[in-house]
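Residue-level listing of the chains:
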Amino acid sequence: MLNKGKHRRPSKAVRIATLAGVAGAAVAVPLMGATSASAASVATWDKVAQCESGGNWSINTGNGYYGGLQFSNSSWAAAGGTQYAARADLATKAQQIAAAEKLLAIQGPGAWSCAGAGNLTAGGPSPDLDSSSKAEVKKAQPAPKQTQQAPKQEKAQPAPQKPQGHGNYTVKSGDTLAKIAKAHGTTWKTVYANNKSVIGGNPNLILPGQKLSI
């Protein structure tokens, strides 16, 4: 569960900046004697965000605190965050950290109840940030060309045709050995026996155009 007490007890300088709006924040920071020493590494801010919001830099639970570092709107404006987005959850991680650096310079680590969880201090190294609105997009690497050629498919060999024969009867469509034998006064077995070399091993399969000896 998120702690709802973040940034609720701002210093006098923060209150002045809040009343004056974003423009007033630029006046309030020098009053605190902020220097580049008031900074923390990205890893430190990640730890603070993990404690504050579970590390969700786009979180908006409707409790009045936004983003990974749970800025109130007044603290966000006082830290100059509105130059990036209207609320902290609408800004990028780098932009939120950039604003957090300013708030750290104004108010110190006490602005975050989770400062201890991330070992947040005002004397850490400055983070390496790109707070521009353009997100870095890595160019997709083209897929490697396939050098292995697909095996050539062998052409299907046509089924061998059964011999046509040299008999005195040409098979027509719809003929059967029984039908032919009956028309010639014999039996299908006799016709098959006399034409086995033409018909093949299946007496039920005769083809139009075959010449049978009856």
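Provided above is the structure to which this section pertains.
Residues numbered from 1 in each chain as written. Predicted model: local features only at pLDDT ≥ 70, side-chain atom pairs only at ≥ 80, totals over all residues. Heavy atoms only, no water.

Moving on to the side chain of Q210. Summarising the element assignment, Q210 is placed in the loop between α8 (196-199) and β2 (211-212). Residue Q210 is classed as buried on the basis of its relative accessible area of 0%. (Helix = DSSP H or I, 4+ residues; strand = E, 2+ residues; numbered from the N terminus. Buried < 20%, exposed > 50% of the residue type's maximum accessible area, 1.4 Å probe, protein only.)

Turning next to the packing of aromatic side chains. Counting across every chain of the model gives three aromatic pairs. Where W45 meets W112, the ring centres are 5.1 Å apart and the plane angle is 70°; that geometry is what we call edge-to-face. On the criterion of sequence distance, the pair formed by W45 in helix α3 (residues 42-53) and W112 in the loop between α5 (93-107) and β1 (169-170) is long-range, its members being 67 residues apart. Like W45, the residue W112 is buried in the burial classification. Consider the rings of F71 and W76, whose centres lie 5.1 Å apart with planes at 70°: the pair is edge-to-face. In this structure F71 comes out as buried when scored by relative accessible area, which is 0%. Linked through ring pairs, W45, F71, W76 and W112 together constitute an aromatic cluster. The ring of Y66 has R87 sitting right over it, with the charged end atom 5.0 Å from the ring centre. (Phe/Tyr/Trp six-rings, centres within 6.5 Å; stacked < 30°, edge-to-face > 60°. Lys NZ or Arg CZ within 6 Å of the ring centre and 35° of its normal.)

Moving on: the nonpolar core. In this structure, W45, V48, L69, F71, W112 and L120 are the most contacted members of the largest nonpolar core, which totals 23 residues. Listed by contribution, the elements that provide at least two residues to this core are α3 and α5. Those residues in contact with W45, other than ones at most four positions away along the chain, are A40, W57, L69, I97, A100, E101, L104, W112 and L120. Residues Y169, A181, Y192 and L212 belong to the second largest nonpolar core, which totals eleven residues. (Core = buried A, V, L, I, M, F, W, Y, C linked by side-chain atoms within 4.5 Å. Contact = heavy atoms within 4.5 Å.)

Its 15 residues place the ends of α5 20 Å apart at the C-alpha level, agreeing with the 21 Å of an ideal helix rising 1.5 Å per residue. Taken from the residues just after α5, G108 is the one with a positive phi, measuring 85°. (Expected span 1.5 Å × (residues − 1).)

Note on placement: T186 falls in the loop between α6 (177-183) and α7 (188-194). In sequence terms T186 and I214 are 28 residues apart; their C-alpha atoms lie 8.4 Å from each other. For T186, the contacting residues outside a window of four places in its chain are A181 and V191.

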